[in-house]
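Below, each chain spelled out in residue letters.
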Amino acid sequence: MSTYFQPQKYPATEFASTSATDEALPVVVVGAGPVGMGVALGLAQRGIPVTVLEAADQVSFGSRAICISRHSLEVAARLGFGPELEKIVLPWVGGRSFYRDEQVLHFEMAHGDHDVRGPMVNVSQSEIEQIMTDTLLAHPLITFHWSSSVAGVLRSDEDVTLDVDTAFGARRLRARWVVAADGGRSRMRELAGIRLQGNSYQGNYVIADIHWESTLPAERMVWFDPPSNPGSTIIMHQQPRDIWRIDYQLDSADDAELETQEDRIRDRITRHLDWLENDVPWTLEWHGFYRAHALALDDFTHGRILFAGDAAHLVPIFGVRGLNSGMEDAETLAWTLAAVVHGTADESLLQAYSAERRAAWQQNVDNAGKSTLIMSPGSHGYHTTRDAVLALATTRPEFGHLVNPRQSSATHAHLSPLTWPVAEGTTGVLPGDPMEDRRVRVRVTTADGSVESSLNRVRGTGFAVLGVGVDPAGARMIAAHASALAMALSPESVRAVVVPAPGAAVAVAGAADLTVLDDPDGALAQALGASAGECFVIRPDGLVLCRVRDLLLLGDVRDHLKTATAPALGVVPTHTETTATPDELLRENVWMGLSEALDQAGESDREGFLTRLALLLGSQSGRREFEEALAAASHVSGKVSSGTPRHSHADA
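Residues numbered from 1 in each chain as written. Predicted model: local features only at pLDDT ≥ 70, side-chain atom pairs only at ≥ 80, totals over all residues. Heavy atoms only, no water.

Peer 1: What am I meant to see in the sheet that holds strand 23 (residues 494–500) here?
Peer 2: Strand pairing in a sheet takes place through backbone hydrogen bonds and is either antiparallel or parallel in direction. The strand order 21-20-24-23-22-25-26 describes an open sheet built from seven strands, whose pairing is mixed. The sheet is open, and its two borders are formed by strand 21 (450–454) and strand 26 (544–548), each paired with just one other strand. Strand-to-strand, the axes of this sheet are offset by a mean angle of 30°, without reference to chain direction. Examined bridge by bridge, strand 23 and strand 24 (residues 515–518) share two bridges and lie parallel to one another. Within strand 24, the residue paired with V497 across the bridge is T515. (Pairing = 2+ DSSP bridges. Helix = DSSP H or I, 4+ residues; strand = E, 2+ residues; numbered from the N terminus. Axes fitted to C-alpha atoms, helices over the stretch in contact; angles between N-to-C directions.)

Peer 1: Teacher, can you tell me more about the packing of helix 10 (residues 380–393) against helix 15 (residues 582–600) here?
Peer 2: Between two packed helices, the angle of one axis relative to the other and the distance separating the axes together describe the packing. The N-to-C vectors of helix 10 and helix 15 enclose an angle of 140°; their axes lie 7 Å apart at closest approach. It follows that helix 10 is oblique to helix 15 by the angle criterion. As helix 10 runs across helix 15, the sense of the crossing is right-handed. Contacts from H380, G381, Y382, T384, T385 and V389 of helix 10 reach helix 15 at W591, M592, L594, S595, E596, L598 and D599. Considering only residue class, the contact of helix 10 with helix 15 consists of six nonpolar, five polar and two charged. (Parallel < 35°, antiparallel > 145°, perpendicular 65-115°, else oblique. Left-handed = near helix turned anticlockwise from the far one by under 90°. Contact = heavy atoms within 4.5 Å. Nonpolar A, V, L, I, M, F, W, Y, C, P; charged D, E, K, R; others polar.)

Peer 1: Quick question: what am I supposed to make of the pattern of salt bridges here?
Peer 2: Charged atoms that come close allow side chains of opposite charge to pair. Counted by the stated rule, this structure contains 37 salt bridges. A salt bridge links E492 to R46; its shortest N-O distance comes to 2.8 Å. Of this pair, E492 sits in the loop between helix 12 (472–489) and strand 23 while R46 sits in the loop between helix 1 (34–45) and strand 2 (50–53), placing them 446 residues apart in sequence. On the basis of relative accessibility, which here comes to 7%, the residue R46 falls in the buried class. In this structure, the salt-bridge partner of R357 is E328, at a minimum N-O distance of 2.9 Å. Here E328 lies in helix 8 (residues 322–341) and R357 lies in helix 9 (residues 348–375), a separation of 29 residues in the sequence. Residue R357 shares its accessibility class with E328, and that shared class is buried. Several salt bridges share partner residues, and in doing so they unite D254, E259, R264 and R268 into one network. (Salt bridge = Lys/Arg side-chain N within 4 Å of Asp/Glu carboxyl O. Buried < 20%, exposed > 50% of the residue type's maximum accessible area, 1.4 Å probe, protein only.)

Peer 1: Would you mind showing me how to read the pairing of strand 15 (residues 243–250) here?
Peer 2: Taken residue by residue, a regular strand's side chains alternate between the two faces of the sheet. Of all eight residues that make up strand 15, eight are buried, and the element is covered over most of its length. Where strand 14 (residues 233–239) meets strand 15, six bridges bridge the pair, whose relative direction is antiparallel. Note on strand 15: the bridge partner recorded for H237 is R245. Connecting the antiparallel pair strand 14 and strand 15 is a turn made up of three residues, with R241 showing a positive phi of about 60°.

Peer 1: Whenever I open this one, unusual backbone geometry confuses me. Can you help?
Peer 2: Peptide bonds are mostly trans, and most non-glycine residues show a negative phi. Residues S490 and P491 are joined by a peptide bond in cis, for which omega reads 10°. Structurally, the position occupied by P491 is in the loop between helix 12 and strand 23. Its identity is not glycine, yet R100 carries a phi of approximately 55°, on the positive side. By secondary structure assignment, the location of R100 is in the loop between strand 5 (94–99) and strand 6 (102–108). Positive phi, close to 50°, is recorded for S147, a residue that is not glycine. Residue placement: S147 occurs in the loop between strand 8 (142–145) and strand 9 (149–155).

Peer 1: Would you take a moment to explain the state of the cysteines for this structure?
Peer 2: Covalently bonding the sulfur atom of one cysteine to the sulfur atom of another cysteine gives a disulfide. Within the structure shown, the criterion is met by zero disulfides. The cysteine C546 is free of any disulfide, with C535 supplying the nearest cysteine sulfur at 7.2 Å. By relative accessible area, which is 0% here, C546 ends up buried. (Disulfide = S-S within 2.5 Å.)

Peer 1: Would you mind going over the packing of aromatic side chains with me for this structure?
Peer 2: Any two aromatic rings considered together are summarised by their centre-to-centre distance and by the angle between their planes. This structure, assessed with the given rule, holds nine aromatic pairs. On the numbers, 5.4 Å between centres and 10° between planes, the contact of F98 with W223 is stacked. Here the residue F98 occupies a position in strand 5, and W223 occupies one in strand 13 (residues 220–224), the gap between them amounting to 125 residues. Assessed through its relative accessible area of 0%, W223 is described here as buried. Taken together, Y10, F144 and W146 form an aromatic cluster joined through their ring pairs. For the cation-ring pair, R304 lies above W177, with the distance from its terminal atom to the ring centre recorded as 4.4 Å. (Phe/Tyr/Trp six-rings, centres within 6.5 Å; stacked < 30°, edge-to-face > 60°. Lys NZ or Arg CZ within 6 Å of the ring centre and 35° of its normal.)

Any functional reading would require information beyond the geometric quantities listed.
This is the structure we're talking about:
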């Protein structure tokens, strides 16, 4: 019996237009996907009434996005729907890639005992949306209008007027601010007369969800050129309740319209599952089609219309950055727009949102782009080198890292106008970095002395001022600055958290405005790279705003937030974001450089170019090294040409 999620339908909403004498609505969100609903929840959490317009009469149907990062689960917890979401997800930590039937990569994402959550979970986007919808419908400050599509936009300096088509006729709503979160085919973007800019990659993929009671593990599995579907690439992910997501690439010569018909999809999947020696029946539940895109608006703010999620940017799906980056958009936009609506910050704070999130899009594209060049190479050069890398990886495992999917992780805001500079040479968690959630112990006035919690639960949903290795006087100063900042940013919350210096008698008394953490082994201070007496100010979206040694500087935070600026003294915080070794970076540079050079070589001179390159490189290496390289390449060539199947997939 199928366990596939079936969304419930909602009746069309009848509502009145905003009259000329009515006050404009504070915020209207167009689009009830995860991003739009995330913005609505974040605003309502800060006391702002929100009206949500959704053209459909239900949440989306089908898996769409399924891989949810640790950071997105943290966002869900802060927005208030995390506990319900985490009840239904399927955790996973890594995956494997195969060339034909030989394993060429086994990877695990970073995770440790201090982590509150695993690195990634799987669950369908439609189920996420349903949980978010239930949360929105129960919130007294959120008004939800189903079957309401925007047909026109009229903008002024003070507000935005939306013409809305409903089942009950045309309506008109006037709002101070409009959040456009209506997806990749954004009607709001079209009505605003703006376009996404960037690149679209070659390569078409079919996606399908099946109900299949398999015993294969919950991990990301990829086959390049599998015997079941020669020339294709197949990706498989398990979801909760025995639902499996299968993505496979179509050949450039395939007729996409023909290949997306159900009988052709069933045939492709049957061939692959039969090759995996499957004897369990399965049912096709849903299917779709996509291409990879790297597109974005130049600016995410257009007057009083603010763009977020796929309406603002599209990223290649490889590395699962679409929904995860959209949730970051939602949380950042929610606290910055709330500050502007409440009058605690200038509208320049929204320009900071735009600059940050477009820079985050570029970070995602830089990583996802490399994965896309492996998963769906769009040129002769990259296709040739991709196949060569896969073939080499069967006997030379050191090449396997090049097919690593570079799974989504939280983006940084180092270059944001909000991010404070640091002293040169500062290491550890820097301003602009995400502050990862960790298990911590909170000091309490009980016999046990402390209870287990997490850094995110301790710091709350607003700002936090975190002091490390402080004495009692420093703790009192941090609490005082946090209290003053809370008054200035109200209703945004601000919490004070301190880790006392070893032996410092920082009391729990006054816990209403100060949380004291125990860090007896110094693990938290070491993870932060913090010296005694340092203080971190953490934003509502989990990014570090500033890191200071002089606690008096905390008094400047309010003014800089209000004007969306940062102090000028110091250096821009930055550090190497890759965990790759020097040898891995060298191989990556060789792969990309050779791919580009092959694309630039004349079609009739490609073999000559490669021969000249081999001669030049061979003359710069020792005789033994060159002979070993020739032997390795020849051995791989023999294996590739023979195509002898070895069913090493049986242990998958």
